[in-house]
Structures are given as structure tokens and as C-alpha cells.
Amino acid sequence: MIPAIRGTHDILPGDVEKWQFVERLARELCERYGYVEIRTPIIEREELFAKGTGESTDIVQKEMYTFTDKGGERVTLRPEATPSMVRSYIEHNLEHTMPAAKLYAMGPMFRYERPQKGRYRQFHQLDIEAFGMQDPAVDAEVIDLAWSLITGLGIPQAELVINSVGCATCRPVFQKALLDALGDNLGNLCGDCQRRSVTNPLRIYDCKVPADQPIIDALPHSIDYLCESCATHFTGVKTHLDAIGIIWRQSHRLVRGLDYYTRTTFEVLGQTLGAQNALLGGGRYDGLVKQLGGADKTGIGFAAGMERLVLALPESAPIAAPGRAFVVAIGEDGRAAAWQLIRELRQAGLPAQMELEARGVRAQMKRADRLATRVTLIVGGDELARGEVTLRDMARGEQRAVARDAVVTAVRELL
Ligand code: AMP
């Protein structure tokens, strides 16, 4: 036996229906909010993430699946979607053809992390990005879409957390204030924090080491250092959210792990996931398109972890597979007629099966039960002679004879 690689997993029948439910709603909502699908490659140049995701991030420093391909090119299995979306937006001139581009994508991401519940090495994200729009209404619409996904899936007790991390004008002032406030205490923080104080000081707020918390609690907050335009923008976002009745909590500690964020950052936290409680996260990245070689266009988006959405689904989620018909054949004549019948049903667009290997009637009925069949059709010599088929409504446990040429209509009514 050659087992699957650590941190990767198969999604088996029985679970896949939950995935399909999440994917279906995600697509439907994206389309409803005016987002169009884009599909980008899973491998990209290493450089795209080094520049896009950022050299100082844990992702780039420790977690990328990067290798040299047979042509000598350094390639990376994408750890996140945003840099690819930005690359594609620039490469295909979407800034001209889609001035206000609203894009979404779904697919696998790869990070060499320590696997645990809700954290994997291959995982899947729904990613949405809106380019070229600055108004706080855009931030609010993106958050509204994220929140509609959570409520639409019926995930209970989720919480929306927001913050603003400022822009290229005000962030340096805040970073300096942060480092000044740390002062001599820097030496008392953990090694990760000391490293972050050099590479990206805001990330000190991500620290979970208990001994560090009293020091971190005394540090200044980014929202107290926002420049006038960032402050106005953030107030605008909150006003729009209030107007549509979305409840948020502001947290100065929500800085997010990536380097490119500006202004609004947000996350939705779930209650049932333990340590890996972020269902989705995102924010604005107004400098990224330019940084990756494009025009000076703004961007905002979020990524939702599909595994975590599936884990957080309530028991009551409507994930039942669609109804199916199963045809039970009695005798050789019955088998030939059953074969005809499933073809007819399938050509009429209805899901139908039969036991392809000759088995007794009881074994066939058992199988129909196991497949959670909605309608069982029994085809045998006597019924055929009368031009009829026996139709069993499995949900009601009722059985009746149906004329052979009315079967498709009768099944359609039940499925
Ligand atoms: P990020 O791209 O790091 O901002 O993460 C966005 C979302 O993707 C998170 O809120 C999680 O739901 C999900 N996510 C990130 N990393 C992992 C992982 N290793 N395994 C499963 N889900 C993940």
C-alpha cells in the first residue's frame, strides 16, 4: 500500500456531497454578486510569490513547495491565489477590458505546514478579488459576500472581525510608534517576534506565546495612527456594514499574515474549529498590482478555506444527494426490459441504475436500499405481459402498477 502524502486527503463519497453543497452555494453567490470565474495554473514562477506574497511571510520563508523543473526553472505549487489572480489581471490587460474586474476562483493550494484538524498541506480555497475600485462600498460588498456565504451555509455562531492597517503613508508612522513602544521589551519577546520586528513589525500581533501577551497588550493600535484618508475610508466601510445590518467586531490584532495588505483587513471566525478557527480572511491590497508590474490599480479580496467551511457545516445542511431510480429485473426477460428502461430514463435526463451482474430479486432490492433510491421500478415477465411496470415509492413505502409508456413521466414526478 502506498499511502497518501501527509497533510493531503481524499474526499470520499459521503463527504463529497458536503463539498458539492459548499461549492454550489459559493458559485451561486459569486454570480449573484457579479463575480466571474477565472482559472489560473496551479504552478507559477517562484518569483511571483516571493514578490507577491512577500519575502517576510511564513509562507515564503518556510512553507512553499518549490522545485527546479527539468528546464531549470524554479516553480512553486501555489500557496495562495491572489498573486496568480493579479498576474493574470496584468498579463491579459484586464484593467482595460474589465475596468472594474470582479473575479473568483476555486481550487487547491499547497503549504508545507504542520498538519492538524483544519490545517493541511493541500487544502482548497474559494478566492474572490475585486480590482480597480477604491470606494469603501466595495470593501463592504466583499465582506457582505463573505458573510452571505457563512450564513447561507448555515454555519452557526460565526463572528466577523475587522481592522484597518493603514497605507504606505501612515503605516510607517505606526510601525515606528510600535517599535518605540516596544523599546527595551523587544528582548523579552519570543524569537519569532524579534525576527518580525525586523521583517514586518505588525505581525507581532499574530504572536500566540502566552508570556508575550502582556507586552503586546500594551502596544499601540493601528487605527489610532491612520492618516485622514485611511480613517475616512475605514469609517465608510463600517457605515456601509451597519447600513446593511452586518454585525462586526473591531480588533486591533487583526493584521493578517501577508505583507501586501493595506487599509481594511477582515476575518470570519468559527466557533467549532478549535485552534484553526479562521473560516476566511482577506483585505485590501492597494499596492500589489503595481508591485507586480501592473498599473497603479487597487485590489481587495478574500480567501475562504473550503475544508474549514465543510467542517463547520451544521448537521442540518441540505446535502442530500438528488433522488435516483433503481430498476429491479425479474428473470432474463426482465433483465432485457430493465436495460431498455434505464437507457430511456437516462436519455430523459433522469439518474437511473440497475444491477448489471445477474442477481436475485432480494439482492437487487437490498442494493436499491443501500443506494438511497427514491423510486424502485420492478420489471418482470408478468408485468411486461400486461404492458406494465411496478413502481415503488421508497419514501412512502407505496407500490403501484404504471403503464410501461408512462414510466418516465411517473419517475420524473417523484425525483
Ligand atoms: P490565508 O490565505 O492564509 O489568508 O487563509 C485564508 C483561509 O484559508 C483561512 O482563513 C483558512 O480558512 C484557509 N487556510 C489557510 N491555510 C490553510 C491550511 N493549511 N489548511 C486548511 N485551510 C487553510
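Conventions we followed
- Residues numbered from 1 in each chain as written.
- Predicted model: local features only at pLDDT ≥ 70, side-chain atom pairs only at ≥ 80, totals over all residues.
- Heavy atoms only, no water.
- Helix = DSSP H or I, 4+ residues; strand = E, 2+ residues; numbered from the N terminus.
- Rg over C-alpha atoms; globule rule 2.2 N^0.38 Å.
- Buried < 20%, exposed > 50% of the residue type's maximum accessible area, 1.4 Å probe, protein only.
- Contact = heavy atoms within 4.5 Å.
- Pairing = 2+ DSSP bridges.
- Axes fitted to C-alpha atoms, helices over the stretch in contact; angles between N-to-C directions.
- Near = heavy atom within 4 Å.
- Polar contact = N/O pair within 3.5 Å; in protein donor to acceptor, adjacent residues only side chain to side chain.
- Areas by Shrake-Rupley, 256 points an atom, 1.4 Å probe, with all protein chains shown as cover.
- Domains from an automatic or database assignment.
- Parallel < 35°, antiparallel > 145°, perpendicular 65-115°, else oblique.
- Left-handed = near helix turned anticlockwise from the far one by under 90°.
- Patch = residues over 30% accessible without salt bridge, like charges linked within 9 Å, V, L, I, M, F, W, Y side chains within 5 Å.
- Salt bridge = Lys/Arg side-chain N within 4 Å of Asp/Glu carboxyl O.
- Arc of directions from axis to C-beta.
- Nonpolar A, V, L, I, M, F, W, Y, C, P; charged D, E, K, R; others polar.

To continue, consider the overall build of the protein chain. Helix and strand counts for the protein chain come out as 16 helices and 16 strands. In terms of C-alpha radius of gyration, the protein chain reaches 28 Å, well past the compact-globule figure of 22 Å for 415 residues. Within the protein chain, buried positions represent 51% of all 415 residues. Here the analysis covers contacts within the protein chain between residues at least 6 apart in sequence; of these, 68% occur between residues at least 24 apart.

Consider a sheet: its strands pair through backbone hydrogen bonds, and that pairing is either parallel or antiparallel. Spatial ordering of the open sheet is given by S1-S5-S6-S11-S10-S9-S7-S8, a layout of 8 strands whose pairing is mixed. Edge positions in the sheet fall to strand S1 (36–37) and strand S8 (249–250), since each of these pairs with one other strand and no more. The strands touched by helix H4 (residues 82–91) are strand S5 (102–110) and strand S6 (122–131); relative to S6, the strand with the most contacts, the crossing angle is about 40°.

Within the structure, the ligand sits among 15 residues, and Arg-111, Glu-113, Tyr-120, Arg-256 and Ala-278 are positioned closest to it. One of the side-chain N or O atoms of Glu-113 is found 2.6 Å from a nitrogen atom in the ligand. Coverage of the ligand by the protein chains reaches 91% of its 480 Å² of free accessible surface. Mapped onto the shell around the ligand, the elements with two or more residues apiece are S6, strand S10 (278–284) and strand S11 (299–305). With 4 residues, S10 is the largest single contributor of residues to the shell around the ligand.

Attention now goes to the domain arrangement of the protein chain. Domains assigned within the protein chain are domain 1 (16–170 + 226–312) and domain 2 (325–414). Centre-to-centre, using C-alpha coordinates, domain 1 lies 49 Å away from domain 2.

Buried residues dominate H4, accounting for 9 of its 10 residues. The complete set of buried residues in H4 reads Thr-82, Pro-83, Ser-84, Met-85, Val-86, Arg-87, Ser-88, Tyr-89 and Ile-90. Contacts from the buried residues of H4 go to strand S2 (43–45), helix H2 (46–52), helix H5 (94–97), S5, S6 and helix H11 (288–291).

This paragraph deals with the packing of helix H6 (residues 136–152) against helix H10 (residues 228–243). It is at 8 Å that the axes of H6 and H10 come closest, and there the two elements cross at 45°. The angle between H6 and H10 falls in the class oblique. The two elements H6 and H10 cross, and the hand of that crossing is right-handed. Contacts between H6 and H10 involve Pro-136, Ala-137, Asp-139, Ala-140 and Ile-143 on the former and, on the latter, His-233, Gly-236, Val-237, His-240 and Leu-241.

Let us look at a nonpolar patch on the surface. On the surface, a cluster of nonpolar side chains totalling about 250 Å² of accessible area is made up of Ile-42, Ile-43 and Phe-67. Tracing the sequence through the fold places Phe-67 in strand S3 (residues 65–68).

We now examine the environment of Gln-340. If you trace the backbone, Gln-340 turns up in helix H13 (residues 331–347). You can call Gln-340 partly exposed: its relative accessible area is 49%.

Judged by pairing direction, the sheet is antiparallel, and its 3 strands sit side by side in the order S2-S4-S3 without closing on themselves. The open sheet has two edge strands with one neighbour each: S2 and S3. This sheet shows a mean twist of 35° between the axes of neighbouring strands, independent of strand direction. Bridge count between S3 and strand S4 (residues 74–77): 4 bridges; the pairing is antiparallel.

With that out of the way, let us pick up helix H16 (residues 407–414). Every buried residue of H16 is accounted for by Val-407, Val-408, Ala-410, Val-411 and Leu-414. Viewed end-on, H16 has its buried residues packed into an arc of 165°, placing them on one side of the element. Against the buried residues of H16 lie strand S12 (325–329), H13, strand S14 (375–379), strand S15 (388–393) and strand S16 (398–403).

Right, let's get into the packing of helix H1 (residues 16–32) against H6. If you want to describe how two helices pack, look at the angle between their axes and the distance between the axes. Viewed as axis vectors pointing N to C, H1 and H6 meet at an angle of 145°, and their least axial separation amounts to 10 Å. Helix-helix and strand crossings are classified by hand; for H1 and H6 the assignment is right-handed. Contact residues: Phe-21, Leu-25, Ala-26, Leu-29 and Cys-30 in H1; Leu-145, Ser-148, Leu-149 and Gly-152 in H6. For the contact of H1 with H6, the class distribution of residues is 7 nonpolar, 2 polar and no charged.

Quick look at the environment of Gly-270 now. As for its placement among the helices and strands, Gly-270 is situated in the loop between strand S9 (262–269) and S10. The buried category is assigned to Gly-270, whose relative accessible area is 5%. Here the alpha-carbon distance between Gly-270 and Leu-280, two residues 10 residues apart in the chain, equals 9.2 Å. Setting aside residues no more than four positions away along its own chain, Gly-270 makes contact with Asn-277 and Leu-279.

Our focus in this paragraph is the pairing of S5. Remark: a regular strand shows side chains that alternate across the two faces of the sheet. Counting buried residues in S5 gives 8 out of 9 residues, a clear majority hidden from the surface. Taken together, the 2 bridges between S1 and S5 define a ladder with parallel strand orientation. If you follow Glu-37 over to S5, its bridge partner there is Tyr-104. In the sheet, S5 pairs with S6 via 9 bridges, with the strands oriented antiparallel. Looking at S6, one finds that Phe-110 is bridged to Gln-122.

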